[in-house]
Amino acid sequence: MSIVLVGGHDRMQDEYKQICCKRGHRVKIYTQMPARFDKVIGNPDGIVLFTGTVSHKMILTALREAKKKKISVFRSHTSSANSLEELLTKMEGANGTVCPS
């Protein structure tokens with residue numbers, strides 16, 4: 001499954017990648033708003049939003065693209081590793097996939 005993670009802490013990017021890779025997912029992480037953010041999102045299976053650590057404009061852009069492309073969005077106010085694990089579990093359940101052992 002491909003995931004776009006929006007928000008979070010810069011110093012935790014490696015940990016976010018490890019968590020996603022361990023569960024068999026490809027991930028793109030955006031903790032800062034890049035140029036043409038709406039274009040770099042692409043067409044992932046899901047978007048994870050850490051709303052507490054991201055700009056309002058970045059959230060609105062991600063939500064607009066998700067609605068336009070019918071992408072599932074999973075939100076958490078906190079941007080901890082545990083929050084990411086919980087959101088991935090919800091995402092996997094919603095998409096009917098099972099975590100690899």
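The coordinates are above.
So, here's what we can say about the structure. Here the structure is a predicted model, which means the values were calculated and not measured. (Residues numbered from 1 in each chain as written. Predicted model: local features only at pLDDT ≥ 70, side-chain atom pairs only at ≥ 80, totals over all residues. Heavy atoms only, no water.)

**Describing the sheet that holds strand β1 (residues 2-6)**
Across the sheet, which stays open at both edges, the four strands sit in the order β2-β1-β3-β4 with parallel pairing between neighbours. Edge positions in the open sheet fall to β2 (26-30) and β4 (72-76), since each of these has one partner strand only. On average, each strand axis in the sheet is inclined to that of its neighbour by 20 degrees, with strand direction left out of account. Of the strands in this sheet, β1, β2 and β3 (46-50) touch helix α1 (residues 13-22), which is tilted by about 160 degrees from β2. In the packing of helix α3 (residues 56-69) onto the sheet, contacts are made with β1, β2, β3 and β4, and the angle to β3 comes to roughly 160 degrees. (Pairing = 2+ DSSP bridges. Helix = DSSP H or I, 4+ residues; strand = E, 2+ residues; numbered from the N terminus. Axes fitted to C-alpha atoms, helices over the stretch in contact; angles between N-to-C directions. Contact = heavy atoms within 4.5 Å.)

**Re the pattern of salt bridges**
Between side chains of opposite charge, a pair can form when the charged atoms approach closely. For the coordinates displayed, the defined rule picks out five salt bridges. Here E85 and R23 are joined by a salt bridge, their closest N and O atoms 2.6 Å apart. Taken together, the residues E85 in helix α4 (residues 81-95) and R23 in the loop between α1 and β2 connect sequence positions 62 residues apart. Since its relative accessible area comes to 10%, R23 is described here as buried. Two residues, R23 and E92, come together in a salt bridge whose shortest N-O distance is 2.7 Å. With R23 in the loop between α1 and β2 and E92 in helix α4, the pair connects residues that are 69 residues apart, well separated along the chain. If you follow the salt bridges from partner to partner, you end up with K22, R23, E85 and E92 in one network. (Salt bridge = Lys/Arg side-chain N within 4 Å of Asp/Glu carboxyl O. Buried < 20%, exposed > 50% of the residue type's maximum accessible area, 1.4 Å probe, protein only.)

**With respect to α1**
Considered for burial, the residues of α1 that qualify are Y16, I19 and C20. End-on view of α1: buried residues confined to an arc of 95 degrees, all on one side of the axis. Exposed residues pointing more than 90 degrees away from the buried face of α1 are listed as D14, Q18, C21 and K22. Within two residues after α1, G24 carries a phi angle of roughly 85 degrees, on the positive side. (Arc of directions from axis to C-beta.)

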